[in-house]
Amino acid sequence: VNSPLTSSCGRLFDAVAALAGVRQQVNYEAQAAIELEMAMTGSEEDGAYPIDLLPDVASGDDRWIIGTRPLFEALLDDLARSVPIATISRRFHNGLVECFVELASRLRSKHTLSRICLSGGTFHNVYLSRTLEARLSETGFEVFTQKEVPAGDGGLSLGQALVGAARSLQSKNPS
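Structural notes, computed from the coordinates.

To continue, consider the packing of aromatic side chains. What the rule picks out here adds up to one aromatic pair. The interplanar angle of 85° and the centroid separation of 4.9 Å between the aromatic rings of F13 and F92 together place this pair among those described as edge-to-face. Of this pair, F13 sits in helix 1 (residues 9-20) while F92 is found in helix 4 (residues 85-111), placing the two residues 79 residues apart along the sequence. F92 matches F13 in its accessibility class, with the two residues each being buried. The ring of W64 is capped by R106, whose NZ or CZ atom sits 4.7 Å from the centre of that ring. A cation over an aromatic ring shows up here: R108 above the ring of F141, its NZ or CZ 3.9 Å from the ring centre.

This is the structure:
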């Protein structure tokens, strides 16, 4: 209710950071996510918040919707019990890892896919990137990550520039 639809994982980080009291207002992109990642320092928590994977029946294909209701119910329960922010942050990050591994496994079972590319601003998060890459590798996936191009908007901009350049060349030299 009263929230915009989004496909951005960053908005999920913003919501968790706000509820956990880490950051309600931001001064720059990803500030809440960065502070939420830093908030887990010192936590050895290995638990994970539950996150649902719901089939997107409207699409009629293999699309999934990440259902966050159980995540927020567990988070609010932890807040009511005064669970430390470090534990909350770690459970959130671990929940995302487990959700992404489950999604990859479901897609592999339908499409015999064994290669995974991790990209997007969320993967500037060192804990999430390293933990997810390790879990996917343990599960038998070959994982690809960015090395020379940034995972976030910088890489997106580069890709857009390359597509624009290719289209420009193609329009000048049609085959």
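Quick look at the nonpolar core now. The biggest cluster of nonpolar side chains holds 35 residues, and the ones touching the most others in it are F13, L71, F92, L96, L132 and L136. Broken down by secondary-structure element, the contributors of at least two residues to this core are helix 1, helix 2 (31-39), helix 3 (69-80), helix 4, strand 3 (115-118) and helix 5 (126-138). Among all residues touching L96, those that are not within four sequence positions of it are C9, L12, F13, I51 and L128.

The tally for this structure, following the rule as stated, stands at 12 salt bridges. Of the charged contacts, one joins R11 and E29 as a salt bridge, the two residues approaching to 3.6 Å between their closest N and O atoms. Placement of the pair is R11 in helix 1 and E29 in the loop between helix 1 and helix 2, with a sequence separation of 18 residues. Judged by relative accessible area, R11 falls into the partly exposed class, the value being 34%. Since its relative accessible area comes to 60%, E29 is described here as exposed. Residue E45 pairs with R91 through a salt bridge whose shortest N-O separation is 3.2 Å.

With that settled, consider unusual backbone geometry. At S82, a position not held by glycine, the phi torsion is positive, near 55°. Within the secondary structure, S82 is located in the loop between helix 3 and helix 4. Since its relative accessible area comes to 62%, S82 is described here as exposed. Of note, T112 is a non-glycine position whose phi angle comes to about 45°, a positive value. Relative to the helices and strands, T112 resides in the loop between helix 4 and strand 3. For T112, a relative accessible area of 72% corresponds to the exposed category.

Cut-off values and rules
- Residues numbered from 1 in each chain as written.
- Predicted model: local features only at pLDDT ≥ 70, side-chain atom pairs only at ≥ 80, totals over all residues.
- Heavy atoms only, no water.
- Phe/Tyr/Trp six-rings, centres within 6.5 Å; stacked < 30°, edge-to-face > 60°.
- Helix = DSSP H or I, 4+ residues; strand = E, 2+ residues; numbered from the N terminus.
- Buried < 20%, exposed > 50% of the residue type's maximum accessible area, 1.4 Å probe, protein only.
- Lys NZ or Arg CZ within 6 Å of the ring centre and 35° of its normal.
- Core = buried A, V, L, I, M, F, W, Y, C linked by side-chain atoms within 4.5 Å.
- Contact = heavy atoms within 4.5 Å.
- Salt bridge = Lys/Arg side-chain N within 4 Å of Asp/Glu carboxyl O.

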